[in-house]
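Summary of the model geometry
These are the residues of each chain, in order.
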Amino acid sequence: MNFITDEQVQKFREDGYLVLEGFLSPEECDALRKRMAEIVDSMDVPPHCRVQFSTDHDEQLKSQGNAEYFLTSGDKIRFFFETGVFDSKGDFIVPKQHSLNKIGHALHAYEPLYKNVTYSPMVQNLAKKLDLKCPVVLQSMYIFKQPGIGGEVMPHQDATFLHTEPLGRVIGLWIPLEDATPENGCLWFIPGSHRNGITRRMVRTPKGTFPLTDFIGRERTYDEDQFVPAPVKKGGLVLIHGEVVHRSAQNTSDRSRHVYAFHIMESEGTSWNPENWLQPTPELPFPSLYTQSCVP
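Report on the accompanying structure. (Residues numbered from 1 in each chain as written. Predicted model: local features only at pLDDT ≥ 70, side-chain atom pairs only at ≥ 80, totals over all residues. Heavy atoms only, no water.)

Among the structural elements, Thr 164 can be located in strand 7 (residues 164-165). Ignoring sequence-local partners within four residues, the contact set of Thr 164 consists of Arg 169, Val 170, Met 265, Thr 270, Ser 271 and Trp 272. (Helix = DSSP H or I, 4+ residues; strand = E, 2+ residues; numbered from the N terminus. Contact = heavy atoms within 4.5 Å.)

Next comes the structure, spelled out in structure tokens:
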């Protein structure tokens, strides 16, 4: 089935993002949340792996950028935590179910329910409507946006972290498993900002150096009035161009905002930057989105 119209494809290309309702049923959303609750209940994370996740420039260098745990998570399922959920000894000071920022980055490879969503016929047809010839799946994550403490995501472009030559080959698919509202931290976008290129890249540093990653350039300063909210109902889908500027506020409400998100890339005619933090591995090369593998 075609989940997206030609007019919606055009709007995505003009704005750099698109909100689509009714991608998953409420029952499918609940099943994904139930499975994630089971994963969280059974997690046993060593203290030295308790990495707090942030999109702030300096915090990234101090936390996930310095952590082998983060850099080697592309073919694994690993846990990343909100700021302030551990004491000085690395012990939880909040219930562990409420401690997580996200889990990533290979749910699409190892968890059947998430794999079924990622490779569903609707996603495949969506990619074809976007004229993707040879799309591959780069990464996937479950984002919690915990009530009261769900951290702010600073204005950024996904291409800062997932850089390609040429640009414009990466698309994010962001699926809320609960209603995403301005109160609990929905996404905000600057429409059309995907046409302005990028000014910042996160890169791996040479082996044997510290920190393990660094940034080239800095994020632009954006006028708050440029951002437009993109609320979406449970089970909807937000398409995100890799260069569109977007953010989300801290969740100060009493409701969580759980999301399953993943990124795909048109691999035909595309070079994946070897300096990106995320790299394919022998255990998990970037898999084809389509049933039949294609040769880029």
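The next point concerns the sheet that holds strand 12 (residues 228-230). Reading across the sheet, the 4 strands line up as 6-14-9-12 and stay open at both edges, with antiparallel pairing between neighbours. On the outer flanks of this sheet lie strand 6 (153-156) and strand 12, each paired with one strand and no other. Sheet twist, expressed as the mean angle between neighbouring strand axes with direction ignored, is 25°. As paired elements, strand 9 (residues 187-189) and strand 12 share 3 bridges and run antiparallel to each other. The residue bridging Leu 187 from the neighbouring strand is Ala 230, located in strand 12. (Pairing = 2+ DSSP bridges. Axes fitted to C-alpha atoms, helices over the stretch in contact; angles between N-to-C directions.)

To continue, consider unusual backbone geometry. The omega torsion across Glu 165 and Pro 166 is -10°, close enough to zero to call that bond cis. Note that the residue after Phe 210, namely Pro 211, is joined by a cis bond; omega there is 0°. Mapped onto the elements, Pro 211 comes out in the loop between strand 10 (200-204) and strand 11 (213-217).

So, about the state of the cysteines. Note: disulfide means a covalent bond formed between the sulfur atoms of two cysteine side chains. Following the criterion strictly, the structure yields 0 disulfides and no others. Here Cys 29 stays unpaired: no disulfide links it, and the sulfur of Cys 186, its closest cysteine neighbor, is 17 Å away. The class of Cys 186 is buried, set by a relative accessible area of 0%. (Disulfide = S-S within 2.5 Å. Buried < 20%, exposed > 50% of the residue type's maximum accessible area, 1.4 Å probe, protein only.)

This brings us to helix 7 (residues 121-129). Within the sequence span of helix 7, burial applies to Met 122, Val 123, Gln 124, Leu 126 and Ala 127. In the core, the buried residues of helix 7 are packed alongside helix 6 (112-118), strand 5 (135-143), strand 8 (170-176), strand 13 (237-241) and strand 15 (259-266). Asp 131 sits one or two positions beyond helix 7 and adopts a positive phi of about 65°.

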